[in-house]
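Chain residues, written in single-letter form:
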Amino acid sequence: DGSVAALLVAIPLVLVLLALTVVFSWGYWAWWPRRHNGQTLAMRWFGLRVVRLDEGPAATSQLTLRWLLLLVDAMFFGLVGLIAMLVSSAHQRIGDELARTIVVRDAG
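Cut-off values and rules
- For every chain, the first residue of its written sequence is number 1, and the numbers climb from 1 along that sequence.
- The predicted nature of this model means local features are confined to residues of pLDDT at least 70 and side-chain atom pairs, given and counted, to a pLDDT of 80 or more, with totals for whole chains, interfaces and linings taken over all residues.
- Each side-chain value is worked out from all heavy atoms of the structure, with water and hydrogens disregarded.
- The term salt bridge refers to a side-chain nitrogen of Lys or Arg lying within 4 Å of a carboxyl oxygen of Asp or Glu.
- The secondary structure listing takes helices from DSSP runs of H or I that are at least 4 residues long and strands from runs of E that are at least 2 residues long, numbered from the N terminus.
- We call a residue buried when its accessible area falls under 20% of the maximum for its residue type, exposed when it is over 50%, and partly exposed in between, using a 1.4 Å probe and counting protein chains only.
- Note on method: axes are straight lines fitted to C-alpha atoms, helices fitted across the in-contact stretch only, with angles between N-to-C directions ranging 0 to 180 degrees.
- The scheme is simple: roughly parallel for angles under 35 degrees, roughly antiparallel for over 145, roughly perpendicular for 65 to 115, oblique for anything else.
- Take the far helix as the reference: if the near one is turned anticlockwise from it by less than a right angle, the crossing is left-handed, and if turned clockwise, right-handed.
- In what follows, a contact means two residues having at least one pair of non-hydrogen atoms within 4.5 Å.
- Any residue that is not Ala, Val, Leu, Ile, Met, Phe, Trp, Tyr, Cys, Pro, Asp, Glu, Lys or Arg is counted as polar, Gly included; the first ten are nonpolar and the last four charged.

**Regarding the pattern of salt bridges**
One pass over the structure, following the stated rule, counts four salt bridges. Between R49 and D106 there is a salt bridge whose closest N-O contact spans 3.2 Å. Residue R49 is located in strand β1 (residues 48-52), and its partner D106 is located in the segment after β2 (101-105); the two are separated by 57 residues in the primary sequence. We classify D106 as partly exposed; its relative accessible area is 25%.

**A short note on the environment of A42**
Positionally, A42 belongs in helix α2 (residues 41-46). Taking C-alpha positions, A42 is 22 Å from F76, a pair spaced 34 residues apart along the chain.

**As for the packing of helix α1 (residues 4-35) against helix α3 (residues 60-73)**
Two numbers describe a pair of packed helices, the interaxial angle and the distance between the axes. The geometry of α1 relative to α3 is characterised by a closest axis approach of 9 Å and an angle of 135° between their N-to-C directions. In terms of their interaxial angle, α1 and α3 are classed as oblique. Considering how the two elements wind past one another, α1 and α3 form a crossing that is right-handed. In contact with V22, S25, W26, W29, A30, P33 and R34 of α1, α3 contributes T60, L63, T64, W67 and L70. Classifying every residue of the contact of α1 with α3 by side-chain character gives eight nonpolar, three polar and one charged.

**Overview of the packing of α3 against helix α4 (residues 75-87)**
Where α3 contacts α4, the axes come no closer than 7 Å and their chain directions differ by 110°. One finds that α3 runs roughly perpendicular with respect to α4. Here α3 contributes L71, V72 and D73 to the contact with α4, which in turn contributes M75, G78, V80 and G81.

**Some points on unusual backbone geometry**
At F77, a residue that is not glycine, the phi angle is positive and equals roughly 60°. Along the chain, F77 falls in helix α4. A relative accessible area of 89% means that F77 is categorised as exposed. Located in the positive-phi region is H91, a residue other than glycine, with phi close to 60°. Secondary-structure assignment places H91 in the loop between α4 and α5 (94-99). On the accessibility criterion, H91 (56% relative accessible area) is exposed.

Any functional reading would require information beyond the geometric quantities listed.
Right under this line is the structure:
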């Protein structure tokens, strides 16, 4: 109704929803892969996983950096990430380049 009371309810609600979105997003893209062999659910379906450049398990900090840079890679409907993968010798998106990770086929 545009009243101050409605605004005082709406602002905290929006902030809580935003915070929950960030937490769930980080959970899927960083926390879950750290505990599941470098794989999100979709990566498991496609037989892929994220590893360090030396092919060891990616650290939570590396996965968090990849997650943060997903915003950059997804710009212009994913075109930024696609171009980065096409020009990278290891086919890495910007998040992988900066986090020093790579996506590989899962051997098992």
